[in-house]
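# Chains, contacts and geometry: an overview
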2 protein chains.
Amino acid sequence: MIAILRQHIIDRLGNDIDNLDLVLSHFEPVKTKRNQILVAQGEVCQYVYFIAKGCLQVYTYDQEANETTRDIVIEGTWCSELSSFGTGNPATENIRTIEPCELLAIDRQSFKKLVESVPQFDKVYKQILEASYNNSVYRINTFMTLTALERIKWLMQFRPKLMTRVSSKLIASYLGINKDVYSRLKAKL
Amino acid sequence: MIAILRQHIIDRLGNDIDNLDLVLSHFEPVKTKRNQILVAQGEVCQYVYFIAKGCLQVYTYDQEANETTRDIVIEGTWCSELSSFGTGNPATENIRTIEPCELLAIDRQSFKKLVESVPQFDKVYKQILEASYNNSVYRINTFMTLTALERIKWLMQFRPKLMTRVSSKLIASYLGINKDVYSRLKAKL
DNA sequence: TGCCAACGATGACAAAAGTCGATGTTTTAG
DNA sequence: CTAAAACATCGACTTTTGTCATCGTTGGCA
């Protein structure tokens, strides 16, 4: 499983990385069932995960247990509640496996040590942060204007595989529309 | 004007900062009129701005010239199109002054040099990035669920000064609702 | 394997948001 | 200072979105 992460890092930072094995040695493989809570809002996020296989939901919920899904993240990417992970403050979001997953987890202490001691790993962190930021900005600019129908078309164009991979309920919550509306509009395409 | 930036940095990183004067020497004071375009989508963002005084709009527009405002940023904070600034790719967002402004601008070359040569400045960059990211995540999680009325109440609670400082049209675009709807709902509070 | 809970689709209706045109008011360049 | 443009509000109307109840299907777990 580590091999996937090794390849991922080499793809981004090139082959000439000192200490790559040292870096990789801090990651722990984790296998999960579906519906496992990895991060709970209110608690400190202790790990950054690299998804080798599977699919995660990043979401919040309010008093009435209404869920909003900020992101659905699949294999080959990083996932964490970065704000909490970085500061040690309570997380504002939850992360849940929506499939059985194979993850590589690195804890806060190891992460901090690596960022400080391995300059190349500091770059990895910056890349994760920048990618996450760009993703969020894109999402705001895209979704704020789109109607329900346009959001569905966006999904079909840019993340078509999600539509068959995860439940309609989840998709609707990710698109920010009502599940009944999603069902109706989808039928009319 | 530089004094404001000096204070801002000291507030965040403490007083024992090497090279603070060197860092500050790379910032150029800029005074602008209102309605000045600082960054245009399609072009590379060349500066990061610290707002000493005034107010900026970060927005996108589509083919039909519909504007979406992702953020309204006021004095005491940083503003840039970070993705473009970092990579040199064309910007996807515009930045415009909505008041006469006093800004401190640092260009890409100087910025890169400082990030590499002054470890403390690297921390400044990380703080900007993390704050921007947290801001975006918060915005997604907040606005995706709220109705038009709830968004207005949110504004009144968390950014009340904006309501009198900038135009209703701009506020509406920031909240992601139609300006007529904003006008009507606001009247009923 | 079989049962139950969760899921997905759909019709009827309610509520919210958007559109458009008209009108009076502010702003702002010249 | 003034004319033109942009802005804010409002009523009437349309469209979109949300809600609720129902019903058949699916799929996960004991």
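Residues numbered from 1 in each chain as written. Chains lettered and ligands numbered in written order. Predicted model: local features only at pLDDT ≥ 70, side-chain atom pairs only at ≥ 80, totals over all residues. Heavy atoms only, no water.

Inspection of the region around DNA strand D gives 14 residues, with Ala 148, Asp 180 and Arg 184 of chain A together with Ser 168 and Lys 169 of chain B positioned closest. For DNA strand D, the backbone portion of the atoms within 4 Å of the protein, that is sugar and phosphate, comes to 56%. A distance of 3.0 Å separates a base nitrogen of DNA strand D from a polar side-chain atom of Asp 180 of chain A. Of all the secondary-structure elements, those providing two or more residues to the surface near DNA strand D are helix 9 (179-187) of chain A together with helix 8 (168-175) and helix 9 (179-187) of chain B. It is helix 9 of chain B that provides the largest number of residues to the surface near DNA strand D, a total of 5 residues. Per-class residue counts for the surface near DNA strand D are 3 nonpolar, 5 polar and 6 charged. (Near = heavy atom within 4 Å. Polar contact = N/O pair within 3.5 Å; in protein donor to acceptor, adjacent residues only side chain to side chain. Helix = DSSP H or I, 4+ residues; strand = E, 2+ residues; numbered from the N terminus. Nonpolar A, V, L, I, M, F, W, Y, C, P; charged D, E, K, R; others polar.)

Turning to the relation of the copies chain B and chain A, a few remarks are in order. Once chain B is rotated about the relating axis by 180° and shifted along it by 0.0 Å, it coincides with chain A to within an RMSD of 0.0 Å. Given the turn and translation reported, the copies of this chain are related as if by a two-fold rotation axis. When each C-alpha of chain B is compared by its distance to the rotation axis, Tyr 133 of chain B comes out closest, at 2.5 Å. Take the interface residues of chain B: 100% of them recur as interface residues in chain A, which is what a same-surface contact looks like. (Least-squares fit on C-alpha atoms with pLDDT ≥ 70 in both. Contact = heavy atoms within 4.5 Å.)

A few words on the protein's contact with DNA strand C. Close contacts around DNA strand C come from 15 residues, with Ser 168 and Ser 183 of chain A together with Ala 148, Asp 180 and Arg 184 of chain B the closest. Restricting the count to atoms of DNA strand C within 4 Å of the protein gives a sugar and phosphate share of 58%. Ser 168 of chain A places a polar main-chain atom, nitrogen or oxygen, 3.0 Å from a phosphate oxygen of DNA strand C. Arg 34 of chain B is positioned such that a nitrogen or oxygen atom in its side chain is 3.5 Å from a phosphate oxygen of DNA strand C. Elements with a minimum of two residues in the surface near DNA strand C: helix 8 (168-175) and helix 9 of chain A together with helix 9 of chain B. Sorting elements by how many residues they give to the surface near DNA strand C places helix 9 of chain A first, with 5 residues. Counted by class, the surface near DNA strand C contains 3 nonpolar, 5 polar and 7 charged residues.

Residues and elements named next belong to chain A. Mapped onto the elements, Glu 99 comes out in the loop between strand 7 (94-97) and strand 8 (101-107). Among the polar contacts made by the side chain of Glu 99, one reaches the side chain of Arg 165 at a distance of 2.6 Å. Dropping the residues within four chain positions of it, Glu 99 is found in contact with Thr 32, Lys 33, Arg 34, Gly 54, Cys 55 and Arg 165.

Another point: the UniProt feature "domain: Cyclic nucleotide-binding" (unreviewed entry) in chain A. Mapped onto this numbering, the UniProt entry annotates "domain: Cyclic nucleotide-binding" (unreviewed entry) at residues 23-115 of chain A. Spanning residues 23-115 of chain A, this segment combines 18% helix with 46% strand, and its end C-alpha atoms are found 10 Å apart. (UniProt positions renumbered as here; feature names shortened; annotations may be inferred.)

Let us look at the pattern of salt bridges. Residue and element names in this part refer to chain A. Enumeration over the complete set of coordinates arrives at 18 salt bridges over all chains. For Glu 75, the salt bridge identified is with Arg 165, shortest N-O distance 2.8 Å. Here Arg 165 lies in helix 7 (residues 160-165) and Glu 75 lies in the loop between strand 5 (67-74) and strand 6 (78-79), a separation of 90 residues in the sequence. Judged by relative accessible area, Arg 165 falls into the partly exposed class, the value being 29%. Ionic contacts of the salt-bridge type, sharing partners, join the residues Glu 75, Glu 99 and Arg 165 into one network. (Salt bridge = Lys/Arg side-chain N within 4 Å of Asp/Glu carboxyl O. Buried < 20%, exposed > 50% of the residue type's maximum accessible area, 1.4 Å probe, protein only.)

A few words on the state of the cysteines. All names here are of chain A. Summed over all chains, the structure comprises 0 disulfides over all chains. Between Cys 79, a cysteine without a disulfide, and Cys 45, which holds the nearest cysteine sulfur, the sulfur-to-sulfur distance is 8.5 Å. Taking relative accessible area as the criterion, Cys 79 reaches 5% and is therefore assigned buried. Summary of cysteine pairing: Cys 101 is not part of a disulfide, and the nearest cysteine sulfur, belonging to Cys 55, is at 7.0 Å. (Disulfide = S-S within 2.5 Å.)

Looking now at the packing of aromatic side chains. Residue and element names in this part refer to chain A. Across all of its chains, the model carries 21 aromatic pairs over all chains by this definition. An angle of 80° between the planes, with centres 5.6 Å apart, marks the rings of Phe 111 and Tyr 125 as edge-to-face. Of this pair, Phe 111 sits in helix 4 (residues 108-117) while Tyr 125 is found in helix 5 (residues 119-143), placing the two residues 14 residues apart along the sequence. Under the relative-accessibility criterion, Phe 111 is labelled buried at 4%. Relative to Trp 154, the ring of Tyr 138 has its centre 6.4 Å away and its plane inclined at 40°; by these criteria the two rings are tilted. With Tyr 138 in helix 5 and Trp 154 in helix 6 (residues 148-158), this pair connects stretches of sequence that are 16 residues apart. Trp 154 sits in the buried class, given a relative accessible area of 10%. An aromatic cluster of three or more residues is present, and its members are Tyr 138, Phe 143, Trp 154, Phe 158 and Tyr 174. (Phe/Tyr/Trp six-rings, centres within 6.5 Å; stacked < 30°, edge-to-face > 60°.)

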